[in-house]
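# Structural features, examined
Now for the letters of each chain:
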Amino acid sequence: MPIAPAPHSQQPKQKEATKRERLTIEGAVQGVGFRPFVYRLAQELGLAGYVQNTHTGVVIEIEGASPLLETFKQALQERKPPQACIMSLGIRQITNDGNPGFTIRPSDTSDTDAETTALIQPDLAVCTDCLREMNDPTDRRYRYPFINCSHCGPRFSIITALPYGRPNTAMARFAMCHDCRTEYNNPDDRRHHAQPIACPKCGPQLELRNGKGKTDARHDDALQQAAQAVREGRVLALKGLGGFHLICDARNADAVAELRRRKDRPVKPFAVIYPSLQAVKGDCLVMPEEERLLSSAQAPIVLLRKKKMPSLAHEVAPGNPYLGVMLPYTPLHHLLICELGFPVVATSGNRANEPICIDEGEAVETLKGIADLFLVHDRPISGRCDDSIVRVMAGRETVLRRARGYAPLPVVVAHSFSAPVLALGGHFKNTVALAVRDRVFMSPHIGNLDTPQAWAAHREAADLLCRLYKAEPENIVHDLHPDYRSTQLAEERGGNAIAVQHHHAHALACMAENRVKPPCLAVAWDGTGYGTDSSIWGGEFLALKPGGFERVLHFMPFPLPGGDAAVLDPRRAALGMLYALEGDGAFSRDIGLPDEARWLIKAALQKNINCPTTSSVGRIFDAVAALTGICMENGFEGQAAMALEFVADRQVIEVYAFEIKNSVIDWRPMLSGLLQDIQSGITLGAVAAKFHATLASIILAAAKSVGEPTVLLTGGCFQNALLLECAVDELEQAGFRVCSHQQVPPNDGGLALGQIMATANTL
Ligand code: ZN
Ligand code: ZN
Ligand code: FE
């Protein structure tokens, strides 16, 4: 006879059972005060166990009563430090250990072959607690320009290897003093395990050098003298977080003009650092989203609309209604700019087409003749990182240059790569990217690959990503263009080089960051990209399918006299389009070219010499800018298109005619209408607005004819807020789902991500 189980009521009342769980966390959890937070949380709840950094993130073991474990896991998500980001949380129950107390264990570096995917934090703007201490005369870090804590300071720019720990950073050379070490070791301190921890006694120091590289002053004296030089109108090279800035008084027209002359940069706008948000608001219109971005830990350059009478010299951003603005983001910038109390130009410390300088010795050489003096320090920069640029468009943040504050956080994509893939990007605004599993780590902006210095920086950036993530990628992806330096660099690397068509890469980058799947329609418009038929593309509608694309529609190609030379001279694109419209009649129109140049272009067009054809919308923008007289020369890439956007009168909603036939968008009716308008003397603002509205109608008509419900807007043309907003409105009103860029630039800075994604079906 079976023994009946004891009735429930008679069971002795038990204490809540204890459990032990092992939590494996991946995400941005190193270098943000995550372990001290876990430690405090465990203490608070009376849980036992430990927390430890690993190659892939953080591992926690906790032991205690079940409900408390649940509370712990909930609080982990809800109360984590502001810069921490949990991307995945694995939970496994393990056997109890019974030992009391909770500890922070040293980083686990034992398994050197383990796959490394721990996220490296980007550099973060100085936090309010550190600023308060820096301004407190009784604090031991009073006026110390390298103050930082677990919530702020350098990360990417100082890391040399993973896991993120002091020996693997540029701070390894500084031995902590007794006070710093005490803070570093105290789990209750804000600087517990803050790897860049430093103080005036033990950390990096300032130094002022003259144009010959000789040291003129140190410490606070160096700062005061540098500030005085800026007040007097001189150009200061400042060693910042990820590289050098060139700084001068933004109100002083002579100083700004002199910097332009020395840097050989006649018109491209300069970015400006203001002493405070309030000062920014005095000069610019600041929307809430823009205010959030300016004050964020990323602290990017935000493009803001200038007010009518800004306090700045006209030379800062000549003829441009927008201004690139940032707030001080390092303690050093705070000290300098608060000392000055006025806005300063802060442009990258480099020569044209060279990467930003990072080393004080190198800077004195490279910036000779540009900077009058150099305010430097002895904390090495191991990861070069420019300022990021963002613009709020269609109500959302769009990163136009992805660097400090953003890189190298990965884009998590919908495909897991079985082996690492390296993408080398395009030619302009280059970035490189490395895929490890479902993470694509993108380098900060490197720039145009026109100089040996830029090629070296490109190689360093690729090597750094591979070294950090211990990847030896066999598969190297590059642009289809045979003459791009990045294509040659891919071949030099050996391994399996894979070419990806330029606009396909743009489309896939947009698809990846929006996590949409094919089929969808990509509108990929830019200045230049090598097509599969060896012609120059740039006005493309690509139907994306799993594993490939079909060029379903494109702008009618037109000749581009002089090829690449046309990029600098919008009048060439104008003549090319006119010639396609009206043949020899084109040459009787006056478009502001001297006779001799016009004859040469005429001969070239008639004999078809050095007149490659293009379907580029970027060049159509150039042509319209030249025909309307709004912009006759491109002093920098995109100047003509920007000028057209800025002049457009947003009240006008009429459009020009166009035709879509046999997969080709015939723009000739639009050009005829535009020429008539110019002749009839309607305002240029109206012409520019009608032109933008026409492009948006073309997108809508194309989307309707293709019929895919999801439309991607990508390529450099979509840095234009008016074009983007018109297109989004039209498409959304017609019921399409529209995806544009946000965390990855729509321009060629996003290509590397798309190149990686092109391999997703084969690797
Ligand atoms: Zn801080
Ligand atoms: Zn110290
Ligand atoms: Fe492009």
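Residues numbered from 1 in each chain as written. Chains lettered and ligands numbered in written order. Predicted model: local features only at pLDDT ≥ 70, side-chain atom pairs only at ≥ 80, totals over all residues. Heavy atoms only, no water.

In terms of helices and strands, the protein carries 21 helices and 30 strands. Relative to the 2.2 N^0.38 estimate, which gives 27 Å for 763 residues, the radius of gyration of the protein is 29 Å and therefore close to what a compact globule would have. The principal-axis extents of the C-alpha atoms in the protein amount to approximately 100 × 85 × 50 Å. Sorting the 763 residues of the protein into buried and exposed places 60% on the buried side. Sequence separation of at least 24 residues holds for 71% of the intrachain contacts in the protein that already meet a minimum separation of 6. Between the mean site of the 77 positive side-chain charges and the mean site of the 84 negative ones, the protein shows a separation of 3 Å. (Helix = DSSP H or I, 4+ residues; strand = E, 2+ residues; numbered from the N terminus. Rg over C-alpha atoms; globule rule 2.2 N^0.38 Å. Buried < 20%, exposed > 50% of the residue type's maximum accessible area, 1.4 Å probe, protein only. Contact = heavy atoms within 4.5 Å. Lys, Arg positive; Asp, Glu negative; His and termini not counted. Charge placed at Lys NZ, Arg CZ, Asp CG, Glu CD.)

The next thing to look at is the sheet that holds strand S18 (residues 410–423). The sheet built from four strands is open, its strands ordered S19-S18-S20-S21 with mixed pairing. Edge positions in the sheet fall to strand S19 (433–442) and strand S21 (496–500), since each has one partner strand and no second. On average, adjacent strands in this sheet sit at an angle of 60° to one another, irrespective of strand direction. Where strand S20 (residues 475–479) and S21 come together, five bridges link them in parallel fashion. Each residue of the ladder has a partner; that of Asp479, found in S21, is Val500. Contacting S18 and S19, helix H11 (residues 452–468) runs over the sheet at an angle of about 150° to S19. (Pairing = 2+ DSSP bridges. Axes fitted to C-alpha atoms, helices over the stretch in contact; angles between N-to-C directions.)

Further remarks concern the pattern of salt bridges. Scanning the entire structure with this criterion turns up 52 salt bridges. Arg143 serves as the salt-bridge partner of Glu339, at 3.5 Å between the closest nitrogen and oxygen. Of this pair, Glu339 sits in helix H9 (residues 331–340) while Arg143 sits in the loop between helix H3 (128–134) and helix H4 (178–185); the two residues are 196 residues apart in sequence, bridging distant segments of the chain. With a closest N to O distance of 2.6 Å, Arg589 and Glu582 form a salt bridge. With a relative accessible area of 26%, Arg589 lands in the partly exposed category. With a relative accessible area of 29%, Glu582 lands in the partly exposed category. Salt bridges sharing common partners tie together Asp129, Arg132, Glu133, Arg190 and Arg191. (Salt bridge = Lys/Arg side-chain N within 4 Å of Asp/Glu carboxyl O.)

A separate point is the coordination of the zinc ion (ligand 1). All of the protein donors around the zinc ion (ligand 1) are Cys127 (SG), Cys130 (SG), Cys149 (SG) and Cys152 (SG); their distances to the metal are 2.3 to 2.4 Å. The site at the zinc ion (ligand 1) holds four donor atoms, and with the angles between them running 104 to 117°, its shape is tetrahedral. Within one chain, the residues serving as donors to the zinc ion (ligand 1) are arranged as C-x2-C-x18-C-x2-C. A residue pair is termed long-range when its members are at least 10 positions apart, and Cys127 in the loop between strand S5 (102–104) and H3 and Cys152 in the loop between H3 and H4 qualify at 25 residues. By the burial criterion, Cys127 is buried, and Cys152 matches it. (Donors = N, O, S within 2.8 Å, 3.2 Å for Na, K, Ca; no water. Tetrahedral: all angles 85-135°; square planar, octahedral: opposite > 155°, others 65-115°.)

Bringing helix H14 (residues 570–582) into the picture now. Helix length check: H14, at 13 residues, gives a terminal C-alpha distance of 18 Å against a target of 18 Å (1.5 Å per residue), a fit within 8%. Of all the residues in H14, the buried ones are Pro570, Arg571, Ala573, Ala574, Leu575, Gly576, Met577 and Leu578. Looking one or two residues beyond H14, the residue adopting positive phi is Gly583, at roughly 60°. (Expected span 1.5 Å × (residues − 1).)

Glancing now at the sheet that holds strand S2 (residues 48–53). In space, the five strands of this open sheet follow the order S4-S1-S3-S2-S5, with mixed pairing throughout. Each edge of the open sheet is held by one strand with a lone partner, namely strand S4 (85–94) and S5. Within this sheet the neighbouring strands show an average axis-to-axis angle of 15°, counted without direction. Of the pairings in the sheet, the one linking strand S1 (residues 18–28) to S4 comprises nine bridges and is antiparallel in character. Along S4, the bridge assignment pairs Ile25 with Leu89. Contacting S1, S2, strand S3 (58–65), S4 and S5, helix H1 (residues 34–45) crosses the sheet at an angle of about 170° to S5. Sheet contacts for helix H2 (residues 66–78): S1, S3 and S4; angle to S3, the most-contacted strand, approximately 145°.

Glancing now at unusual backbone geometry. Put simply, Ala407 and Pro408 share a cis peptide bond, and its omega is 0°. For Pro408, the location among the structural elements is in the loop between strand S17 (396–401) and S18. Note the cis peptide between Pro518 and Pro519, where omega equals 5°. Mapped onto the elements of the fold, Pro519 is located in the loop between helix H13 (502–513) and strand S22 (520–530). Phi is positive for Asp264, close to 55°, though the residue is something other than glycine. Its location among the elements puts Asp264 in the loop between helix H6 (253–263) and strand S10 (271–273).

Quick look at the confidence of the model for the protein now. When the pLDDT values of the protein are averaged, the result is 93; 97% of them are 70 or greater. This model gives residues 1–13 a pLDDT under 50, and the stretch forms zero contacts once residues within four places in sequence are excluded. (pLDDT = per-residue confidence, 0-100.)

This paragraph deals with the coordination of the zinc ion (ligand 2). Listed as protein donors to the zinc ion (ligand 2) are Cys177 (SG), Cys180 (SG), Cys199 (SG) and Cys202 (SG); their distances from the metal cover 2.2 to 2.3 Å. Around the zinc ion (ligand 2), the four donor atoms sit at angles spanning 104 to 115°, and that spread fits a shape best called tetrahedral. When the donors of the zinc ion (ligand 2) are listed by position in the chain, the intervening gaps give C-x2-C-x18-C-x2-C. With Cys180 in helix H4 and Cys202 in the loop between H4 and strand S6 (206–210), the pair connects residues that are 22 residues apart, well separated along the chain. The burial state of Cys180 is the same as that of Cys202; both residues are buried.

Once that is clear, we can look at the domain arrangement of the protein. How big an interface is tends to be stated in terms of the accessible area lost upon association of its parts. For the protein, the assigned domains are domain 1 (18–104), domain 2 (206–389), domain 3 (401–504 + 749–760) and domain 4 (522–739). At the junction of the two partners, domain 1 supplies four residues and domain 3 supplies six residues. Carbon and sulfur atoms supply 52% of the area that domain 1 and domain 3 bury against each other, a total of about 370 Å² over both sides. Three residues, Glu26, His55 and Met87, lead the burial of domain 1 against domain 3; their summed loss comes to 82% of the area buried on that side. As a salt-bridge pair, Arg437 and Glu26 come within 3.4 Å of each other at their nearest N and O atoms. Put simply, domain 1 and domain 3 have two residue pairs in polar contact (both at pLDDT 80 or more) between them. (Domains from an automatic or database assignment. Buried area = accessible area lost by both parts, 1.4 Å probe. Polar contact = N/O pair within 3.5 Å; in protein donor to acceptor, adjacent residues only side chain to side chain.)

This part takes up the environment of Trp455. Inspection of the secondary structure puts Trp455 in helix H11. Judged by its relative accessible area of 24%, Trp455 is partly exposed. Expressed as a C-alpha distance, the spacing of Trp455 and Glu354, which sit 101 residues apart in the sequence, is 9.1 Å. Apart from the residues lying within four places of it in its own chain, the contact partners of Trp455 are Leu449, Asp450 and Arg485.

With that settled, consider the pairing of strand S29 (residues 710–714). Across the five residues that make up S29, a large majority, five, are buried. Burial along S29 is two-sided: Thr710, Leu712 and Thr714 and Val711 and Leu713, pointing in opposite directions, are all buried. Note that S22 and S29 share four bridges and pair parallel. Each bridged residue has a counterpart across the sheet, and for Leu521 the counterpart in S29 is Val711. Two strands pair when backbone bridges link them, and S29 and strand S30 (residues 737–739) are joined in this way by three bridges, in the parallel orientation. Counted as the bridge partner of Thr710 is Arg737 from S30.

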